[in-house]
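Topology and contacts: notes
Single-letter residue listing:
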Amino acid sequence: MRNPRTGWLLLSPTLIILLLFGFAPFLYVLFVGFNQWNVFSADDGLVFNGLDNFRRLVFDDDFLHSVGLTARFAIFAIGSEIVLGFVLAQMLTRNFPGKSLFRIIHTLPLMVAPIAVGAIWRLLVIPGFGPVPFFLDRWFDLKYQIGSYPDQALWTSVIMDVWHWTPFVTLTMLAGLSAIPKEPVEQAKVDGASRFQVFWYVTLPFLRPVLLTTVFIRIMDAIRTVDEVWMLAGGGPGTRFTGIYIWRVVFPRTDYGYGSSISLITLYLTIVLCWLLFIAISGRRKGEVA
Amino acid sequence: MTISLRQRAWRLFVTYGFWIFTTIVTLLPIWWMFVVSMRSRVELFGRPNLSLSRFFVENYANVLTDSAFQRYMTNSVVVSTSNALLVMALALLATYALSRYKLTGRDNIFFWLITNRMAPPAAFLLPLYIMFTRTFRLGDWTLYDTQIGLILLYCVFNLPFAIWLLKGVIDGIPIELDDAAMIDGAGLWGVLRHVIIPLAAPGLAVTGILSWVFAWNEYLFAANLTSVQARTITTGLAEFVTVTGTNWGELAAMSMLTLIPSAIIVILAQRYIVMGLTFGAVKE
Amino acid sequence: MQERQEQQEKKEIGGFLPFYTNAFDRVFISVVILIGIHLLWLRFMEAALPIEVATVISLVIGYFVVRRG
């Protein structure tokens, strides 16, 4: 009754679009990654140079630094988003008057375009007329200037990301929490479990798939973040994440070959990380009931 | 368990305190943008003032009467709406196939589909640019600077997300319902129309909304693969920073205007968002 | 039909990797390992040994993963 051929037919439009606009550019990037191609150099064609790009890449301190920064950014931002999102979702499972209004307001940042998020936060922190540096200086005597202090720039982007994406985590968590059956929780309470025990042994295992999926999606998007951080800090120190580093190599320097190989390695790291999470989500670990 | 009145009052107090605090944190940046959009160039500098002194609508008037802005807005509406519809349709078919048919290596196909969202956009712009200007052409017509080009391209990052979202929803619909409908003589379209679509409606709605928002908000591709005719609103936003020597007031006004359509859609669809975002958590 | 399905399941169980895999997965893992070894080799070992050694090592590992994983 279910002929696989029909299945493939249903899948084919999706596959065609993704092959044309996703996979074909990938093959091209793969090809260029093994070539030297600098539009402004003496001979401006593609010159095959084998592994040279990668040889340069593994010793490129700027690149390695950008990977470290991206990792720190992703860990801090996603970690806080998960915790905050969970707490907020937990608060939303109770009923109180005005709940949906608060929820709508809380969802708003998710709808702001990343480029506008960058603009908003830049307006907040720009020295001269942003309120954040002004009040920090006034109340805490703290010099705050993201252009000069890399750490402050990094923290500002983390906070910005948390502001922008926590609502998404809240919504997925809320969906996950409302799907948890009532009986096990009640049973555990009757058996005298503490609140923490209920959370750790009942809620968390039920939430695991949602949690991992959310982390997966956030990792995927955090690593490729470019526009909002670019808008915020203009690629200044402390915010040179991998995505922005690639941007700087490809555009102002027009070093396409090298830029392509960096993209390949970034893609490689993302895929490996996400694949491990994917295995964890699909519950294919041995010794576990799938 | 009896809770005394005092305890209940205290709990309510904590809840509201918490939410009012969250609301302030959430709204503060947006409020500041609004304040900036209501100020003239001169008023911006000096001591930062978080309160709204007067309604200065000139920024909005300037933006709204700009013919470029109107074109960008139309483009954005057309592109994101068609993209969302296309993504919903394709993702529904694809997910149905992945969920119901025994396809060789379907887990692997599924994972590959998702990897399409991971590509760092900067380096992929170049091949896309070449494809858009040279590879896909009919005579003089190319995909470059067309709405259809953007619509198709946005599928690359929206489809993986949509399929993932819908996978959980459709896996959660018992296959017996399909079988029952088929025994009653329904064909594939019948099953989709009378079983899958009604049951997956919240999920489909969320898919559509989020795809719409992602497409509406996209910047990098739109900025580099269009020039005049198909520019979208986010690109116009960024133009303020570079071309006009950063006119913050108008930039803020335009950001506010960009936010309004997506905010309206989300407020209207609020109910479905939580119902649909389950990612397969309701399997059992 | 049933028998074939059981066979399929059996094929997915064996091996030393800590999760169930099919042929695609194992090829994928081998490629991931291959790239990883090459990059680390370029960074730390190339001064001493040429890159071809890395290729040979990763092909051997890849073979084991695909056959036994």
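Model, not experiment: these values are computed from the prediction.

Procedures and definitions
Residues numbered from 1 in each chain as written. Chains lettered and ligands numbered in written order. Predicted model: local features only at pLDDT ≥ 70, side-chain atom pairs only at ≥ 80, totals over all residues. Heavy atoms only, no water. Helix = DSSP H or I, 4+ residues; strand = E, 2+ residues; numbered from the N terminus. Buried < 20%, exposed > 50% of the residue type's maximum accessible area, 1.4 Å probe, protein only. Contact = heavy atoms within 4.5 Å. Core = buried A, V, L, I, M, F, W, Y, C linked by side-chain atoms within 4.5 Å. Buried area = accessible area lost by both parts, 1.4 Å probe. Salt bridge = Lys/Arg side-chain N within 4 Å of Asp/Glu carboxyl O. Polar contact = N/O pair within 3.5 Å; in protein donor to acceptor, adjacent residues only side chain to side chain. Nonpolar A, V, L, I, M, F, W, Y, C, P; charged D, E, K, R; others polar. Phe/Tyr/Trp six-rings, centres within 6.5 Å; stacked < 30°, edge-to-face > 60°. Expected span 1.5 Å × (residues − 1). Patch = residues over 30% accessible without salt bridge, like charges linked within 9 Å, V, L, I, M, F, W, Y side chains within 5 Å. Areas by Shrake-Rupley, 256 points an atom, 1.4 Å probe, with all protein chains shown as cover. pLDDT = per-residue confidence, 0-100. Axes fitted to C-alpha atoms, helices over the stretch in contact; angles between N-to-C directions. Parallel < 35°, antiparallel > 145°, perpendicular 65-115°, else oblique. Left-handed = near helix turned anticlockwise from the far one by under 90°. Lys, Arg positive; Asp, Glu negative; His and termini not counted. Charge placed at Lys NZ, Arg CZ, Asp CG, Glu CD.

Concerning the overall build of chain C
Scanning chain C from terminus to terminus reveals three helices and zero strands. Listed by position from the N terminus, the elements making up chain C come as α-α-α. For chain C, the proportion of its 69 residues judged to be buried stands at 30%. By sequence separation, contacts in chain C at least 24 residues apart represent 50% of the contacts at least 6 residues apart.

Observations concerning the nonpolar core
In terms of nonpolar packing, the biggest core is built from 206 residues, with F21 and F216 of chain A together with Y96 and I196 of chain B touching the most fellow members. Residue contacts for Y96 of chain B: discarding those within four places in its chain leaves R2 and L10 of chain A together with Y101, I170, D178, M182, L188, V191, L192 and I196 of chain B.

Describing the interface of chain A and chain B
Taken together, the 97 residues of chain A in the interface contact 100 residues of chain B. For chain A, the biggest contributors to the area lost against chain B are R2, F21 and F129 of chain A; these three give 9% of the whole. Our count for the contact surface shared by chain A and chain B stands at one salt bridge. The shortest N-O distance in the salt bridge between D221 of chain A and R117 of chain B comes to 3.0 Å. Between chain A and chain B we count eight residue pairs in polar contact (both at pLDDT 80 or more) in total. Residue composition of the side of chain A that touches chain B, by class: 70 nonpolar, 18 polar and nine charged.

Let's talk about the side chain of E81 of chain A
All names here are of chain A. Mapping E81 onto the fold places it in helix 3 (residues 61-93). Residue classification places E81 among the buried positions, given a relative accessible area of 0%. If we skip the residues at most four places from it in the chain, E81 touches F86, D161, V162, W165, T166, V169 and R218.

Describing the packing of aromatic side chains
Per the stated rule, a full pass over the model turns up 32 aromatic pairs over all chains. Taking the centre distance of 6.1 Å and the plane angle of 85 degrees together, the rings of W165 of chain A and F168 of chain A count as edge-to-face. Remark: F168 of chain A and W165 of chain A occur in helix 7 (residues 150-179); sequence separation between them is three residues, near one turn of the helix. Each member of the pair, W165 of chain A together with F168 of chain A, is buried. Note on F278 of chain A and F110 of chain B: the rings are 5.9 Å apart at their centroids and 40 degrees apart in plane angle, and the pair reads as tilted.

As for helix 5 (residues 114-125) of chain A
All names here are of chain A. If you check helix 5, its first and last C-alpha atoms are 16 Å apart, about what 12 residues at 1.5 Å a residue would give, namely 16 Å. Counting buried positions along helix 5 yields 11 of 12 residues, so the element is predominantly enclosed. Of all the positions in helix 5, only P114, I115, A116, V117, G118, A119, I120, W121, L123, L124 and V125 are classed as buried.

Quick look at helix 10 (residues 201-217) of chain B
Taking 1.5 Å of rise per residue, 17 residues should cover 24 Å, and helix 10 of chain B covers 24 Å from first to last C-alpha, within 8% of that figure. Most of helix 10 of chain B is tucked away, with 15 of its 17 residues classed as buried.

A short note on a nonpolar patch on the surface
Taken together, the side chains of L19, F23, L27 and L30 of chain A define a hydrophobic patch exposed on the protein surface, amounting to about 310 Å² of accessible area. Looking at the element boundaries, L30 of chain A is found in helix 1 (residues 4-33).

Overview of the environment of A238 of chain B
Its place among the elements puts A238 of chain B in helix 12 (residues 233-242). A relative accessible area of 11% means that A238 of chain B is categorised as buried. Once the C-alpha coordinates of A238 of chain B and L92 of chain B are considered, the two residues, 146 residues apart in sequence, prove to be 34 Å apart. Residue contacts for A238 of chain B: discarding those within four places in its chain leaves I115 of chain A together with Y219 of chain B.

A few points about the confidence of the model for chain B
Across chain B, the average pLDDT comes to 82, with 92% of residues at or above 70. Of all helices and strands in chain B, the one with the weakest mean pLDDT is helix 2 (residues 41-44) of chain B (70), whereas helix 4 (residues 67-100) of chain B scores best (90).

Observations concerning the environment of F206 of chain A
Mapping F206 of chain A onto the fold places it in helix 9 (residues 195-223). Sequence separation between F206 of chain A and P13 of chain A is 193 residues; the distance between their C-alpha atoms is 35 Å.

A few points about the packing of helix 1 of chain A against helix 7 (residues 147-171) of chain B
Two elements in contact, helix 1 of chain A and helix 7 of chain B, have axes separated by 9 Å at closest approach and are oriented at 125 degrees. As judged from the angle between their axes, helix 1 of chain A and helix 7 of chain B are oblique. Helix-helix and strand crossings are classified by hand; for helix 1 of chain A and helix 7 of chain B the assignment is left-handed. Contact with helix 1 of chain A, carried on its side by T14, I17, L18, F21 and G22 of chain A, involves L152, L153, C155, V156, L159 and I163 of chain B of helix 7 of chain B and no other residues of that element. Across the contact of helix 1 of chain A with helix 7 of chain B, the residue classes tally to nine nonpolar, two polar and no charged.

What to know about the confidence of the model for chain C
Detailed reading of the predicted model is not advised wherever pLDDT is low. Residue and element names in this part refer to chain C. Overall, the predicted model of chain C reaches an average pLDDT of 74, with 77% of residues at or above 70. Within chain C, helix 1 (residues 2-13) has the poorest average pLDDT of any element, 47, and helix 2 (residues 23-45) the best, 85. Across the predicted assembly, pTM comes out at 0.85 and ipTM at 0.83.

Looking at a positive patch on the surface
Residues R94, K189 and R195 of chain A together with R11 of chain B make up a contiguous surface patch of positive charge. Mapped onto the fold, R195 of chain A is located in helix 9. The exposed category is assigned to R195 of chain A, whose relative accessible area is 71%.

Here's the deal with unusual backbone geometry
The phi torsion at D145 of chain B lies on the positive side, around 60 degrees, for a residue other than glycine. Mapping D145 of chain B onto the fold places it in the loop between strand 2 (141-142) and helix 7.

Description of the packing of helix 4 (residues 99-111) of chain A against helix 1 (residues 5-37) of chain B
Between helix 4 of chain A and helix 1 of chain B, whose axes approach to 9 Å, the crossing angle comes to 35 degrees. As helix 4 of chain A runs across helix 1 of chain B, the sense of the crossing is left-handed. Note on element contacts: helix 1 of chain B touches helix 4 of chain A through Y16, W19, I20, T22, T23, T26, L27 and I30 of chain B, opposite F102, I105, H106, L108 and P109 of chain A.

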